[in-house]
Amino acid sequence: MRLVVLIFALAASIPAAARSPSIPVADAPELAALGPSAVGLKHITVTTPSGRSLEIMLWYPATAAPGAKPETYARTLTPDGFPPLRVTTEGVAIANAPPKPGRLPLVIISHGFGGWAGGMTYLAENLASKNYIVAAIDHADGQGGKDGGGAAGRLQRVAGTIINRARDQEAVLSALAARAADPRDAIGKRIDASNIAVIGYSMGGFGVLATAGAAYDKTAPTVVPLGGRLDDQTVRVVDPRLKAIVAIAPWGGQPAYRSWTADSVAAIKVPSLFIAGDHDDVAQYADGIRWLYDHATSSNRWLLVYREAHHNTGGNPPMPETLDRPDMAESFAEPVWRSERITAINQHFVTAFLDRFLKGDAAHGRYLDVPTVDGDAATWPDAPRGFAGPAQTTYWPGFQRRWLLGLELHHDAAK
């Protein structure tokens, strides 16, 4: 017995191996699991019509490269008023690995204010392993002082974000779709440009709603101070290749910064998945995110709610280097939810949603059809452990016994 105790004590003293957030944890719902493909990574640049140069991280299904070292994503954070911090996130992607043949749906990821292209690798790598081409934009709006510190610098960066988010998304969509038309293009010939989705988190979600057809209100408190620089976005023409959107904690619906009218939000017609914490104190839930969802009446839409969660429902879990930095907690962690649990649930539902609307996968699409809005009200029948199936009519399909708490999933069909 003493030997067993000693073995456990030694095991507990050994640091756990670094783990990519694209690999879901053991309590993840079913569709969070990595897909069948290895993942490759390339870096490309897109120039927008206004001359902005955007760095893009492009993940894709690849052939296995035994012995190759997976990517580690590094970033130096420079928060205003605090020392800079170099952070790292482990990955599964292999740089420049040979791509698999065939054309696949394109997913564009747009980060939040102050974020970066590698800030949502949990989703990017996970989707690429499931045979999507995934392009994450680095919008270069700066992280906590990178492009000029202090209050004045921050306001300038916010203004630039409001002006450029949707423009950047549309420019990347157009540029990659154009490459898909060239059979000689090594990247383009892998893209099915007729099936594109855009995922946006926070300010990325702000842009996603406009990209999907929500024209900005000319009298909005975010539009008027910009002196006409958003006039070209008060009328929207939606790219017909856009087939679905995911808006995670989208900013811009809250009354103090409401950027749309109810009618302009109702112009969104593509299927949509909203994800939010019901205690979001940045984008606000009831008067912000929920207001947007309720008024997107022309969209076949879902709303996944994390009860007791704030705004950090879209990014990677906190990087190891941030765990001893209290100033970083508000940017990456949640006070109630385990971040790895949130990312796994996002992987599950985003997979179900994109498979349904970009791949026509009815079997995976059924995971969106939960039998009860309130996960707490679901009951597990007298059955062995494992993932709930369709026959377990009171439990959400794909979730494990005892692991469906604190969640809501709303659905409203397009009118």
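Now for a description of the structure that goes with this document. Since this is a predicted model, take the numbers as computed values, not measurements.

## Brief notes about the packing of aromatic side chains
Both the distance between ring centres and the angle between the ring planes are used here to describe each pair of aromatic rings.
Line of reasoning, step 1. Under the defined criterion, the tally for this structure stands at 16 aromatic pairs.
Line of reasoning, step 2. Pairing F206 with Y216 gives two aromatic rings, centres 5.2 Å apart and planes at 15°, and the pair type is stacked. Residue F206 is located in helix 4 (residues 203-211), and its partner Y216 is located in the loop between helix 4 and strand 9 (242-248); the two are separated by 10 residues in the primary sequence.
Line of reasoning, step 3. What makes F206 buried here is its relative accessible area of 0%.
Line of reasoning, step 4. On the numbers, 5.8 Å between centres and 55° between planes, the contact of W302 with F357 is tilted.

## Considerations on unusual backbone geometry
Line of reasoning, step 1. You will see that N131, though not glycine, has its phi angle at about 70°, which is positive.
Line of reasoning, step 2. With respect to the element layout, N131 can be found in the loop between helix 2 (121-129) and strand 7 (133-138).
Line of reasoning, step 3. Within the chain, A140 stands out as a residue other than glycine whose phi angle is a positive 55°.
Line of reasoning, step 4. Counting through the fold element by element, A140 comes out in the loop between strand 7 and helix 3 (150-180).

## Section: the nonpolar core
Line of reasoning, step 1. Counting residues in hydrophobic clusters, the biggest one holds 113 residues, and the most contacted among them are W59, I199 and L354.
Line of reasoning, step 2. Tallying contributions element by element places helix 3 first for this core, with 9 residues.
Line of reasoning, step 3. Setting aside anything within four residues of it in sequence, one finds I199 in contact with V107, I108, I109, S110, M120, L123, L127, V208, V246, I248, V350 and L354.
Line of reasoning, step 4. Of all hydrophobic cores here, the second largest spans 7 residues; its members include L85, V87, W116 and M319.

Conventions and cut-offs
Residues numbered from 1 in each chain as written. Predicted model: local features only at pLDDT ≥ 70, side-chain atom pairs only at ≥ 80, totals over all residues. Heavy atoms only, no water. Phe/Tyr/Trp six-rings, centres within 6.5 Å; stacked < 30°, edge-to-face > 60°. Helix = DSSP H or I, 4+ residues; strand = E, 2+ residues; numbered from the N terminus. Buried < 20%, exposed > 50% of the residue type's maximum accessible area, 1.4 Å probe, protein only. Core = buried A, V, L, I, M, F, W, Y, C linked by side-chain atoms within 4.5 Å. Contact = heavy atoms within 4.5 Å.

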